[in-house]
Amino acid sequence: MAKNTSSNAFRKIDVDQYNEDNFREDDGVDSAAAGPDESEITTLLTQGKSVEALLSALQNAPLRCKNQNVKDHALNITLRVLLSIKSTQMDQAIDTLDQNDLIDVLMKYIYRGFEIPSEGSSGHLLQWHEKAFAKGGVGCIVRVLSDTNRA
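Parameters and conventions
- Residues numbered from 1 in each chain as written.
- Predicted model: local features only at pLDDT ≥ 70, side-chain atom pairs only at ≥ 80, totals over all residues.
- Heavy atoms only, no water.
- Core = buried A, V, L, I, M, F, W, Y, C linked by side-chain atoms within 4.5 Å.
- Buried < 20%, exposed > 50% of the residue type's maximum accessible area, 1.4 Å probe, protein only.
- Helix = DSSP H or I, 4+ residues; strand = E, 2+ residues; numbered from the N terminus.
- Contact = heavy atoms within 4.5 Å.
- Salt bridge = Lys/Arg side-chain N within 4 Å of Asp/Glu carboxyl O.

Draft legend 1. Geometry of the nonpolar core. One finds Leu 54, Leu 58, Leu 106, Tyr 109 and Trp 128 to be the most contacted residues of the largest nonpolar core, which totals 34 residues. Secondary structure elements with two or more residues in this core: helix H1 (38–46), helix H2 (50–59), helix H3 (68–84), helix H4 (90–96), helix H5 (100–115) and helix H6 (121–146). Counting residues per element, this core draws most heavily on H5, which supplies seven residues. Contact partners of Leu 54, with chain neighbours within four places excluded, come to Val 81, Leu 82, Ile 85, Ala 93, Leu 106 and Trp 128.

Draft legend 2. Structural context of the pattern of salt bridges. One pass over the structure, following the stated rule, counts six salt bridges. The partner of Arg 112 in a salt bridge is Asp 72, with the nearest N and O atoms 3.0 Å apart. One end of the pair, Arg 112, is in helix H5; the other, Asp 72, is in helix H3, with 40 residues separating them in the sequence. Classification of Arg 112 by relative accessible area gives buried; the value is 10%. A residue is classified by how much of its surface remains accessible, and Asp 72, at 28% relative accessible area, is partly exposed. Note that Glu 115 is salt-bridged to Arg 112, the shortest N-O span being 3.5 Å. Pair noted here: Glu 115 and Arg 112 are both in helix H5, with a separation of three residues, about one helical turn. Through salt bridges with shared partners, one network takes in Asp 72, Arg 112 and Glu 115.

None of this, on its own, says anything about what the molecule does.
This is how it looks when you write it as structure tokens:
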């Protein structure tokens, strides 16, 4: 019979470290983890280059970032850009977003903007939704609603 010992040191070994199939969640370290550069976007908006500001905000969206404060800050910046673009400039702005990824990111921010309505923002965001839907189609909405990386 085995000798009964009171040692439990063997229980402190992490046997999962030797398993290759062990799932490890990414740390979320991403080049866009900091979100869009607020000073750059403010400069573009004051120069009247709102389409370039939108492009910069969408390209630097912190989608894989796990810090909610960073995501909320990026949302506020992007909503400020979206609401500063006039209805007549929306088609031009949508046409510059020729990548489907950026239209999906735009749609994510539109839906997040619907979650926190402000004075006059809902009607403006509905216009953005109409234009983005015309460009991206139903697939854009399905990808945004089924994506786990929220804006």
